[in-house]
Amino acid sequence: MSQWILLILLAAGAKAQDAPDLAAGRKIFESQCALCHGQTGTGGRGPSLNRPALPHAPDDEALYQVIFKGIEPEMPGAWQLDAHEIRSVAAYVRSLGAIPAEHLMGDPARGERVYQSKGCAGCHIVAGKGESYGPELTGIGARRNGANLRETLLNPASLLPEGFLYMSAVTRAGATVRGIRVNEDTFTVQIKDARGEFHSFKKSDLNSLTPLAHQTPMPSFASLSSGELDDLVSYLASLKGKP
Amino acid sequence: MRHHALWLLAIGLCGIACAQVSYDRIVKAQQEPGNWLTYSGNYAGHRYSPLAGITRENVAGLRVAWAHQFGTGRTETSPIVVNGVMYVTAPNMAAALDARTGRELWKWSRPIPKDYRPIGFGQVNRGPAILDDRLFVATLDCFLVALDLKSGAERWTAKVGDYKLGYSMTLAPLAIKGKVIVGVSGGEAGIRGFIDAYDAATGARAWRFWTIPAPGEPGHETWPQDAPSRDSWKTGGGSAWVTGSYDPESNLVYWGIGNAGPDWNGDSRTGDNLYTCSLVALDGDTGALKWHFQFTPHDTHDWDSAHVPVLFEAEVRGVKRKLVAVANRNAFFYVLDRSSGEFVAGRAYAKQTWAKGLDDSGRPVVLPHTDPSEEGTTLWPNLNGATVWFSPSYSPQTGLFYVMVRELGSIYYKREADYKPGTFFAGGGEGHIPNGERKGAVRALDVATGNLRWEFSLHSPSWSGVLSTAGGLVFAGAEEGNFFALDAASGKPLWEFQTGGAISANPISFSVDEKQYVAIPADRVLYVFGLNP
């Protein structure tokens, strides 16, 4: 008799170990998580989840714990879900940030030499080396796929990151400062120029402040040979972040 | 040192002479402008200070007088100030501060149960209420607590709702004659909402108004009558989570009612779903419904009518009338007769794409294809609305209604909703419009018509309420931390301070030793500003 009970318990345990159910996870996510994280994980009151690396959940066990316990004080824990349901939600959350594996033509080692010879390090930092005018690229391959990187290299203004803005400010004295907006509020703006210098302005002290929409200081690399471009894309895609 | 001792002595003496904050004193709050005696400064919901020490001419000299750091997260408290003592709250916490220095005089707290979960809102508290010798605080685990004004000791504790079913409270109570009124949060948890009044002396419940009428009660006909949805009213939502207003003359309490549940999927709750997304006028003695006005019938966008109603008088077509104004989450501004609920005027005050306009009775003429959908429906305003819980302000000096406006749309999704007690019962939600425009503004509207007089644009949508003063100023805050003063007549910016934290609270004004101060929380710090402090 007790053996039967044990068998039933083992069976139940085995069910709890079943593979996560992505469809069930999606249903739970959309009804209970999406209120803050957005229906497709693009974020809302809570952060976006459609990215491969989640700061509070570096691995699957951490993600399980975040979903189960929540994050004080804003995110409630999902104490009403059972273990299989939580794993299903976790799997769905991971799927939101998954970048499908893609086959890249180029060679990363050759691509690194292209990166160095074409002056990319004059504006970008990779693994601690380079200049910081443009965004750091140490983990760019974890955030963007090859097609996206290729398009950015060919036509940089077409895929600007959300919130990125190139601006031109003209002071009362007539001086023009052009650069990347690093911060802005209703009354002030902070701009970083091409030399990496910060400029702080009260908006009321400026003659004009013009957003240069769809512009970026990054040049197009359309002049690269197709082999060089493949190699450079392959190198950038290999940059998965700090070890 | 001697000065400090004198101050404490003064507080002590005043504690004996002035601690009794009678109902009569709150009714006549404008006669003691140095104190801030109720959530909105007066019962009429004006959030207007009759103090005129800080003016258009001298506001540029405003400096930090003191700051008080809370141990908890983002602070949304709207303090009460009486005779040199400021009363503040945080989730399940209250404190009395020396209003000259910010130093703590006493502190009270109640543990938040380990299994408490906020369902659909942040863990915040928006302020206390005061009456006679007591301070009243509503807690996250849904208790109303009466504290001794001089020590913070508990006088009584009343259970208002069951937090395990999603009932909670974040609002400042409203204390009227002998009673303390509260409403519940929980509109995303499938609650059946209510507004309660408690005897201020004993904590006994005096009345309850259910915001979702039961079978046999008027209004129930606006819910499904037949299977399989005949029980949808039991999980129909109708929270009441923002402090109302009160007219002592008619003894009517005005209170906004929240969204219907489930929020974004209305299939199981066909009909108008009274009294969700409505303003109700209740008898202060009995809680009996005098009238209602529904802003958003059968809402499917989470547009709670969670606002402080503003009571005022104005001439309408040559006749002086007692009116109530509401800038609604649904992006329309309304003026109603406050004796009858009759619609007097209304118009959109922010970008909206869901209605053609309002008909002669004030009912929205809803455009087709505006409901949430499986693939997503793009619509303005977003689910937080064109404005929400943070307070508007009405200045009798300018006759203008000042409102913080959020200008952004969203993509509304509809999903299935299964009711499971104590969990989300939402039926969908929203998603950001990629690279969508997000703006904010303080707008000044003619109070009787809603016509725009001026606007001051903000870099992004804000969660700050608005204060107007007899000094001809309007104070408000920004998401980026700026706290600022505008000319109440023109909207011109006159002063600004970077607090370093997002502002998600309502400003107040008070005076100590006849010197005017303005207070605003930013993130977890309460700032108090004065001239030449």
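The rules behind the values
Position labels on residues start from 1 in each chain and follow its written sequence. Key to labels: chains lettered from A, ligands numbered from 1, both in the order written. Since the coordinates come from a predicted model, pLDDT governs what is reported: local features require at least 70, and pairs of side-chain atoms require 80 or more to be given and counted, while whole-chain, interface and lining totals use all residues. Between any two strands, at least two bridges found by DSSP are needed for them to pair. In DSSP terms, a helix is any run of H or I states spanning at least four residues, a strand is any run of E spanning at least two, and both are numbered starting from the N terminus. Helix axes use the C-alpha atoms of the stretch in contact, all axes being lines fitted to C-alpha atoms, and the angles between their N-to-C directions lie in the range 0 to 180 degrees. Here a helix's expected span is defined as the number of its residues, less one, multiplied by 1.5 Å. Three exposure classes are used, based on other C-beta atoms lying within 10 Å of a residue's own C-beta, which is placed from the backbone: buried for 20 or more, exposed for 12 or fewer, and partly exposed in between. Each residue is represented by a C-beta atom placed from its backbone, and any two residues with such atoms within 7 Å are regarded as in contact. By definition, a nonpolar core groups buried Ala, Val, Leu, Ile, Met, Phe, Trp, Tyr and Cys residues that are joined through C-beta atoms within 7 Å. Residues are grouped as follows: nonpolar covers Ala, Val, Leu, Ile, Met, Phe, Trp, Tyr, Cys and Pro; charged covers Asp, Glu, Lys and Arg; every other residue, Gly included, is treated as polar. A residue's pLDDT is the predictor's confidence in that residue, given on a scale from 0 to 100. Any angle that falls under 35 degrees is termed roughly parallel, while one over 145 is termed roughly antiparallel, one within 65 to 115 roughly perpendicular, and all others oblique. In this scheme, a crossing is called left-handed if the near helix is turned counterclockwise away from the far one by less than a right angle; it is called right-handed if the turn is clockwise.

**Student:** Help me understand the sheet that holds strand 3 (residues 166-171) of chain A, please; the structure alone is not making it clear to me.
**Tutor:** Think of a sheet as strands paired side by side through backbone hydrogen bonds, with each pair either parallel or antiparallel. Residue and element names in this part refer to chain A. The sheet built from five strands is open, its strands ordered 6-5-4-3-7 with antiparallel pairing. Strands at the two margins of the open sheet, each flanked by one partner only, are strand 6 (198-202) and strand 7 (206-211). Ignoring strand direction, the axes of neighbouring strands in this sheet form an average angle of 40°. Sheet topology places strand 3 next to strand 4 (residues 176-184); five bridges connect them, and they run antiparallel. From the neighbouring strand, Ser168 faces strand 4, where its bridge partner is Arg178.

**Student:** It is not clear to me how helix 4 (residues 83-97) of chain A should be interpreted in this structure. Could you clarify?
**Tutor:** Count 3.6 residues to each turn of an α-helix, and residues three or four apart come out pointing the same way. All names here are of chain A. The terminal C-alpha atoms of helix 4, which comprises 15 residues, lie 22 Å apart, in line with the 21 Å expected from a rise of 1.5 Å per residue. Taken residue by residue, helix 4 has Ile86, Arg87, Ser88, Val89, Ala90, Tyr92 and Val93 as its buried positions. Next to the buried residues of helix 4 lie helix 2 (22-37) and helix 3 (60-69).

**Student:** Teacher, can you tell me more about the nonpolar core here?
**Tutor:** For soluble globular proteins, nonpolar side chains are generally found buried alongside one another. The biggest cluster of nonpolar side chains holds 168 residues, and the ones touching the most others in it are Ile130, Val180, Ala325 and Val474 of chain B. Considering each element in turn, this core owes the most residues, six residues, to strand 27 (residues 400-407) of chain B. Those residues in contact with Ala325 of chain B that sit more than four places away from it in its chain are Val310, Phe312, Tyr334, Val335, Phe401 and Val447 of chain B. Grouped together as the second largest cluster of nonpolar side chains are 15 residues, Leu137, Val233, Tyr235 and Leu239 of chain A included.

**Student:** Looking at this structure, how should I read the interface of chain A and chain B?
**Tutor:** How big an interface is tends to be stated in terms of accessible area lost as the parts join. Counting from both sides, the interface comprises 21 residues of chain A and, opposite them, 28 residues of chain B. Counting residues per element, the side of chain A that touches chain B draws most heavily on helix 2 of chain A, at five residues. Its residues assigned to classes, the side of chain A that touches chain B shows five nonpolar, eleven polar and five charged.

**Student:** Which parts of the structure should I look at to understand the confidence of the model for chain A?
**Tutor:** Low-confidence regions, as indicated by low pLDDT, have predicted coordinates that should not be scrutinised in detail. Residue and element names in this part refer to chain A. Per-residue confidence for chain A gives a mean pLDDT of 85, with 89% of residues at or over 70. Helix 5 (residues 108-117) holds the highest mean pLDDT among the elements of chain A, 97, whereas helix 1 (residues 2-16) holds the lowest, 40. Within the model, the stretch residues 1-16 combines pLDDT values under 50 with two contacts to residues more than four positions away or in other chains.

**Student:** What exactly am I supposed to notice about the pairing of strand 3 of chain A here?
**Tutor:** Along any regular strand the residues' side chains alternate between the sheet's two faces. Residues and elements named next belong to chain A. Counted along the chain from strand 3 to the antiparallel partner strand 4, the turn is four residues long, and its residue Gly174 has a positive phi close to 95°. Pairing analysis gives five bridges linking strand 3 to strand 7, with the strands arranged antiparallel. Paired with Val170 across the two strands is Ser208, which belongs to strand 7.

**Student:** I would appreciate a short explanation of the packing of helix 7 (residues 146-154) of chain A against helix 8 (residues 226-237) of chain A in the present structure.
**Tutor:** For any two helices packed against each other, one specifies the crossing angle of their axes together with the interaxial distance. Residues and elements named next belong to chain A. Close contact between helix 7 and helix 8 brings their axes to 9 Å; oriented N to C, the two are set at 125°. Judged by the angle between their axes, helix 7 and helix 8 are oblique. Crossing angle aside, the handedness with which helix 7 passes helix 8 is right-handed. Between helix 7 and helix 8, the contacting residues are Gly146, Leu149, Arg150 and Leu153 on the first element and Leu229, Leu232, Val233, Leu236 and Ala237 on the second. Split into classes, the residues belonging to the contact of helix 7 with helix 8 amount to seven nonpolar, one polar and one charged.

**Student:** Just to check I follow, could you spell out the sheet that holds strand 7 (residues 129-131) of chain B for this structure?
**Tutor:** All names here are of chain B. Across the sheet, four strands lie side by side as 7-8-9-10; this open sheet has antiparallel pairing. Edge positions in the sheet fall to strand 7 and strand 10 (154-159), since each has one partner strand and no second. On average, each strand axis in the sheet is tilted by 20° relative to the strand beside it, whichever way the strands run. In terms of strand pairing, strand 9 (residues 143-148) meets strand 10 through five bridges, oriented antiparallel. Each residue of the ladder has a partner; that of Ala146, found in strand 10, is Trp156.

**Student:** Teacher, can you tell me more about the packing of helix 2 of chain A against helix 4 of chain A here?
**Tutor:** All names here are of chain A. Packing of helix 2 against helix 4 brings their axes to within 7 Å, and their N-to-C directions diverge by 85°. Regarding the angle of helix 2 to helix 4, the classification is roughly perpendicular. From helix 2, Leu22, Ala24, Gly25, Arg26, Ile28 and Phe29 reach across to helix 4, where they touch Glu85, Ser88, Val89, Ala91, Tyr92, Val93 and Ser95. Across the contact of helix 2 with helix 4, the residue classes break down as eight nonpolar, three polar and two charged.

**Student:** So what exactly am I meant to see when it comes to the pairing of strand 16 (residues 252-256) of chain B here?
**Tutor:** Residues and elements named next belong to chain B. Counting buried residues along strand 16, five of its five residues qualify, which places the element largely inside the surrounding structure. Strand direction decides the pairing type here: strand 15 (residues 245-247) and strand 16, joined by three bridges, are antiparallel. The partner of Asp247 across the bridge, within strand 16, is Leu252. A loop of four residues connects strand 15 with strand 16, the two strands running antiparallel in sequence, and Asn251 in this loop sits at a positive phi of about 55°. Bridge count for strand 16 against strand 17 (residues 278-283) is five bridges, and the pairing is antiparallel. By the bridge assignment, Leu252 is partnered in strand 17 with Asp283.

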